[in-house]
Amino acid sequence: MTDPDWDHYADRLARARELNARARASMASAVFEDLVRQLDALEVADLTPEGQGRAATLTCQALVGQAGALHSDTTGLPRALALLDRAATLAPLADERDIIGSIEGQRGFLLARAGDMEGARTAITRGLAGVSRDNHRERAISLLNRGNAAVELGDVRGALDDYRTAHEHARALGQELYVALAMHNVGYAKHLLGDLPGALSAMDEARRHAPEQDDGIPLLGKAEVLVEAGLWTEADGALTEAIPQLQRARLRLDRAEAEYFRARTLLGLERYPEAKRWAALARRHFEAGGHASWTVVARVLELEIELARARKEGLPSARTCRRRALEALDVADRGSATGAVLGREPSVGARLIAVQWLVSAGDVEAARGVLAEVPSNLQGAPLTLRVQRYAVAAELAFTAGDRPAGLRAVKRGFGILAEHRARLGSVDSVAAAAVHAVALNWTDVAAARGTGRASAVFDAVERGRATFAGAARVTPPEDPESAELLATARALLARARELPVDTDPAAVRERADLHRRARVLQDRLRERSWQRAGDAEVAHAVTSRELVRLLGERGDGAVVADFVVFGGRVLAVRADARGMRLFDLADAADVTEKVRRVRADLQIASNELIPAPLHAVAVASLTTGLRRLDDLLVRPLAAEADLYVAARDPLIGLPWSAFPSRRGLRTAVNSHVARGRASDGDGREPRVLAVAGPGVVHADREALAVADGWQQATALTGADASTDSVRRAFEDHDVVHLAAHGRHDADNPLFACIELADGPLFAHELDGLHLPQSVVVLSACEVGGVTPGLGGEVLGLTSVLLRLGARAVIASVAPLPDVVAADLMPRLHAELRASDDPEGALALALADADEPVPLVCFSSVAGLAAVSA
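Rules behind the numbers
Residues numbered from 1 in each chain as written. Predicted model: local features only at pLDDT ≥ 70, side-chain atom pairs only at ≥ 80, totals over all residues. Heavy atoms only, no water. Helix = DSSP H or I, 4+ residues; strand = E, 2+ residues; numbered from the N terminus. Rg over C-alpha atoms; globule rule 2.2 N^0.38 Å. Areas by Shrake-Rupley, 256 points an atom, 1.4 Å probe, with all protein chains shown as cover. Axes fitted to C-alpha atoms, helices over the stretch in contact; angles between N-to-C directions. Parallel < 35°, antiparallel > 145°, perpendicular 65-115°, else oblique. Left-handed = near helix turned anticlockwise from the far one by under 90°. Contact = heavy atoms within 4.5 Å. Nonpolar A, V, L, I, M, F, W, Y, C, P; charged D, E, K, R; others polar. Patch = residues over 30% accessible without salt bridge, like charges linked within 9 Å, V, L, I, M, F, W, Y side chains within 5 Å. Salt bridge = Lys/Arg side-chain N within 4 Å of Asp/Glu carboxyl O. Core = buried A, V, L, I, M, F, W, Y, C linked by side-chain atoms within 4.5 Å. Buried < 20%, exposed > 50% of the residue type's maximum accessible area, 1.4 Å probe, protein only. Phe/Tyr/Trp six-rings, centres within 6.5 Å; stacked < 30°, edge-to-face > 60°. pLDDT = per-residue confidence, 0-100. Pairing = 2+ DSSP bridges. Expected span 1.5 Å × (residues − 1).

Bringing the overall build of the protein chain into the picture now. A tally of helices and strands in the protein chain yields 33 helices and 16 strands. For 869 residues, the compact-globule formula gives about 29 Å, and the C-alpha radius of gyration of the protein chain, at 32 Å, lands near that figure. Once the C-alpha set of the protein chain is aligned to its principal axes, its extents read approximately 105 × 70 × 50 Å. Surface accessibility of the protein chain: about 34400 Å² in total, with carbon and sulfur atoms responsible for 51%.

Next up, the structure:
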């Protein structure tokens, strides 16, 4: 008796397994089938007893692998199970004691793909009992599959334990792909438990272990986390890339999941026709695969899209609303029969939609009955569903005239969002998360508007804005990789800056390439920032009662104007020592157009290269535009002393100090009514830093003149004005003055920057610093600009500095000519030194300006003490 070359068969088995692990199912199946055929052709009687056992083992392993390769096609399930049945009959003859564990583990995997999660978990657990502790490969695979079944059954913590143990076995095995799969799934479980930074960090680590994995699974998992994070544009990009990969890998269920989440991101982006098309596609694919729960979940999303579109574009008749409510209830009944998937209970989502349709139809009693069937505690459900539950409850209560119940629901919803926000460790991710508050805040403001009470409107507006205000961290993160990425991006942009500014095609191409490469690194930096955990407290909103009390204590006639765009109108709540009044000021579309024209005129008027006649025309147009906006927005408020403005896009980007009625008067602007950070007043001389950046004609003269006016001042010019020096100075100087070119990046606002000797200093790299109630003066072009996010939060260099603790930031919302800055800044600092009052210093410095100057003091209402949640 002689045995064949078993290494040959083992190599074929390893090759097939590798193909299967890389989602090359068709190729793997062919290799497995050929291997079984070769092994079946062996004459058993001619083999040694050891050879017979070896042949049986290899045949079982090939049959198990072939069954797994059929998993992507549910129509192949009966054949796959038959292969496993045959393997089970051969198992007693095999020389590998763990083979039955492998067979049962694969059976569980296939049952899971068919939607039988309980059967899957039972089979895998049975199989694990037969796998030895040192069989790292089989234990890693089985634990990964059992974890997946546990996730589907809602046992996420159990799944996380399985994934972590699988990761240990994968590391002991030394198989990088399995290490990556386990770590990716750890991240996915963390995502389901609400730890989004931890999820993204784990998924990033997984990608490092298997950077070549191109079956779409890493992208799908990451996209699901980004959806929950509110980063919908980024999620849509990941899903657009993932879906073709999943299709090529024939991962039909995962592809349908990707289509579902693509529809959800498009819903968030208000691209309703596309969202509806993708949701329907996902539903058909789930249905074709026999996945009943996912089919209903996708149908619920279709209903949600229809409702959102109707509320945006106009509700149908009450009769149609009732009919659609009945459709939603029918889907809810089907969802109750199929059960939950990934924490999504389809019956809950469908009933919430039915409640909204019934409220729209005016049938409050029926809506109450349906809402009573929805659990109030949806712990473990996605954040969006938990917040939706309270938004719907609030809307119903407000409609029914029960304002106290509506407010309780609103506050509970914001409480959930505050808990979520506290976990996030970057300004970017905090601002993105605001998208989850839009519907809740809209419901709150709409109900407040209906009361006609200015105080109710103020409280509703600020409740939503405050939840996502402030810093994300109070300690800078230690991240060497981010530091390296940042340094490389800075060096690339510094090289681009040195290229000649002409029409030389080679220089143009090189500059474009350098900017492209820097943008890739910036995107990577953003992604790493999302992985930071938060450690900052969430501030309470300023209340109407608190604000009026403060203004009364000040007794100086100060006015706070809280602007909001609602229902196509620009509204303002005016607060002073006597109370609050609500103003319906103007048509929002008309104001937006006037703002656009003012911004365009500011761009032209600041251009020092245009002829004098054209400059005069631009200034005249600008002056007219500012006067018209002044008449619409400011004069009706009759603010004759200090004015504190709280506004969002498009109003926050206006040069408020340049309005005719505000000439010579203290004016401050912020994105919400924030508690002021008054000066420490400890009697010591302020520590002042004045910096001159490259390329600004009068920068050295300006920086030296500013420094000369203070006793404890340092001026940095030339090579000394480096990014590291300035970044460190922010944390220990009371006044920081930057005379440098700057740029607001509208597409990537956290990479708004100030140009310094060694390259740009980005807003992004300041995140995590603690500014000592400082005053920052940005004598630079347009760095006072902001970009609104999908949730309404505004981002830019000024907003980041205020979040990090600056008392005030004086910056330009449009290009600021160098000669104007050089003339104006010494006067500004002279006033600031004399009064320690940044708002007043700017007002006096601008009082005699011949033309409108787009400098704005971004700050808070002085005197309000900080209060944390």
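Another point: the packing of helix 1 (residues 6-21) against helix 2 (residues 25-40). Between helix 1 and helix 2, the shortest axis-to-axis distance is 8 Å and the interhelical angle comes to 160°. Judged on the interaxial angle alone, helix 2 and helix 1 are roughly antiparallel. The two elements helix 1 and helix 2 cross, and the hand of that crossing is left-handed. From helix 1, Trp6, His8, Tyr9, Arg12, Leu13, Arg15, Ala16, Arg17, Leu19 and Asn20 reach across to helix 2, where they touch Ala25, Met27, Ala28, Val31, Phe32, Asp34, Leu35, Gln38 and Leu39. Split into classes, the residues belonging to the contact of helix 1 with helix 2 amount to 12 nonpolar, three polar and four charged.

The next subject is a nonpolar patch on the surface. A cluster of nonpolar side chains, contributed by Ile604, Leu614 and Val617, occupies part of the molecular surface with about 260 Å² of accessible area. Residue position: Leu614 is located in helix 28 (residues 612-634).

So, about the nonpolar core. Phe563, Leu633, Leu651, Trp656, Phe730, Leu778 and Leu801 are the most contacted members of the largest nonpolar core, which has 74 residues in total. Not counting residues within four places of it along the chain, the set of residues in contact with Phe563 comprises Arg465, Val570, Leu571, Ala572, Leu585, Leu633, Leu637, Val645, Ala646, Ala647, Leu651 and Trp656. Listed in part, the 70 residues of the second largest apolar core include Leu200, Leu239, Tyr260 and Val435.

Below, the discussion takes up the packing of aromatic side chains. As enumerated under the stated definition, the model contains eight aromatic pairs in all. Their ring planes at 70° and their centres at 5.4 Å tell us that Tyr260 and Trp294 sit as a pair that is edge-to-face. Remark: Trp294 occurs in helix 15 (residues 292-313) and Tyr260 occurs in helix 13 (residues 252-268); sequence separation between them is 34 residues. On the basis of relative accessibility, which here comes to 4%, the residue Trp294 falls in the buried class. Chaining the aromatic ring pairs together yields one cluster made of Tyr260, Phe261, Phe286 and Trp294.

When pLDDT drops low, the exact placement of atoms in the prediction is not to be read closely. Chain-level statistics for the protein chain give a pLDDT mean of 89 and a share of 96% at 70 or above. Of all the helices and strands in the protein chain, strand 13 (residues 787-788) carries the lowest mean pLDDT, 79, while strand 3 (residues 579-587) carries the highest, 97. Here residues 865-869 scores under 50 on pLDDT; set against residues more than four positions off or in separate chains, the count is 12 contacts.

So, about the packing of helix 15 against helix 17 (residues 346-361). Running from N to C, helix 15 and helix 17 point in directions that differ by 25°, and their axes come no closer than 9 Å. Between helix 15 and helix 17, the crossing angle belongs to the class labelled roughly parallel. In terms of crossing hand, the pair formed by helix 15 and helix 17 is left-handed. Listed contacts from helix 17 to Val296, Val297, Val300, Leu303, Glu304, Glu306, Leu307, Ala310 and Arg311 of helix 15 are Pro346, Gly349, Ala350, Ile353, Gln356, Trp357 and Ser360. By residue class, the composition of the contact of helix 15 with helix 17 is 10 nonpolar, three polar and three charged.

We now examine the side chain of Glu228. Structurally, Glu228 can be placed in helix 11 (residues 217-229). Sequence-distant contacts of Glu228, defined by excluding residues within four places in its chain, comprise His191, Leu196, Pro382, Leu383, Thr384, His420 and His436.

The three strands are arranged 9-10-11 in an open sheet whose pairing can be described as antiparallel. Only two strands of the sheet have a single neighbouring strand rather than two, namely strand 9 (742-743) and strand 11 (759-762). Pairing between strand 9 and strand 10 (residues 753-756): two bridges, direction antiparallel. Among the inter-strand pairings, Arg743 is bridged to a residue of strand 10, identified as Cys753.

Before going further, it helps to spend a moment on the pairing of strand 3. Where strand 2 (residues 569-576) meets strand 3, eight bridges bridge the pair, whose relative direction is antiparallel. Bridging across to strand 3, Ala575 finds its partner in Met580.

Moving on to unusual backbone geometry. Glycine aside, the phi torsion of most residues is negative, and most peptide linkages are trans. Omega for the peptide link from Asp649 to Pro650 comes to 10°, which places this bond in the cis form. With respect to the element layout, Pro650 can be found in the loop between strand 4 (643-646) and strand 5 (667-670). For Glu270, which is not a glycine, the phi torsion comes out positive at approximately 60°. Along the chain, the position of Glu270 falls in the loop between helix 13 and helix 14 (272-288). When its relative accessible area of 43% is taken as the criterion, Glu270 is described as partly exposed.

Over its 17 residues, helix 13 runs 25 Å from end to end, which matches the ideal 24 Å to within 8%, given 1.5 Å per residue. Of all the 17 residues making up helix 13, 14 are buried; the element is thus mostly covered by neighbouring parts of the structure. Following helix 13 by one or two positions, Glu270 adopts a phi angle in the positive range, close to 60°.

Using the criterion set out here, one finds 69 salt bridges in the structure. Here Arg126 ties to Glu104 by a salt bridge, and the two come within 2.7 Å at their closest N and O atoms. A residue pair is termed long-range when its members are at least 10 positions apart, and Arg126 in helix 6 (residues 117-128) and Glu104 in helix 5 (residues 99-113) qualify at 22 residues. For Arg524, the salt bridge goes to Asp204, with nearest N and O atoms at 2.8 Å. With Arg524 in helix 25 (residues 505-529) and Asp204 in helix 10 (residues 196-209), this residue pair connects regions lying 320 residues apart in the sequence. The exposure class of Arg524 is partly exposed, given its relative accessible area of 21%. The exposure class of Asp204 is buried, given its relative accessible area of 10%. It is possible to trace a salt-bridge network through shared partners that takes in Asp204, Arg208, Lys222, Glu481, Arg524, Glu527 and Arg528.

Turning our eyes to something else, we now look at the environment of Gly406. Relative to the assigned elements, Gly406 resides in helix 20 (residues 403-422). It is 8.2 Å that separates the C-alpha atoms of Gly406 and Asp444, two residues lying 38 residues apart in sequence. Setting aside chain neighbours within four positions, we find Gly406 in contact with Ala394, Ala397 and Phe398.

Quick look at the environment of Arg403 now. For Arg403, the position within the fold is in helix 20. C-alpha of Arg403 to C-alpha of Arg423: the two residues are 20 residues apart in sequence and 31 Å apart in space. If we skip the residues at most four places from it in the chain, Arg403 touches Phe398, Ala447, Ala448, Thr451, Arg453 and Ala456.

Burial analysis of strand 12 (residues 775-779) places five of its five residues in the buried class, the great majority of the element. Residues Val775, Val777 and Ser779 of strand 12 are buried on one face, and the alternating residues Val776 and Leu778, pointing to the opposite face, are buried as well. Relative to strand 12, strand 8 (residues 735-739) runs parallel, the two being bridged by five bridges. The partner of Val736 across the bridge, within strand 12, is Val776. Bridge count for strand 12 against strand 15 (residues 808-812) is three bridges, and the pairing is parallel. Within strand 15, the position partnered with Val777 by the bridge is Ile810.

Moving on to the side chain of Gln61. The residue Gln61 is located in helix 3 (residues 49-69) in this model. Looking at Gln61, the relative accessible area reads 9%, which means it is buried. In contact with Gln61, not counting residues within four places along its chain, are Leu13, Arg17, Phe32, Glu96 and Ile99.

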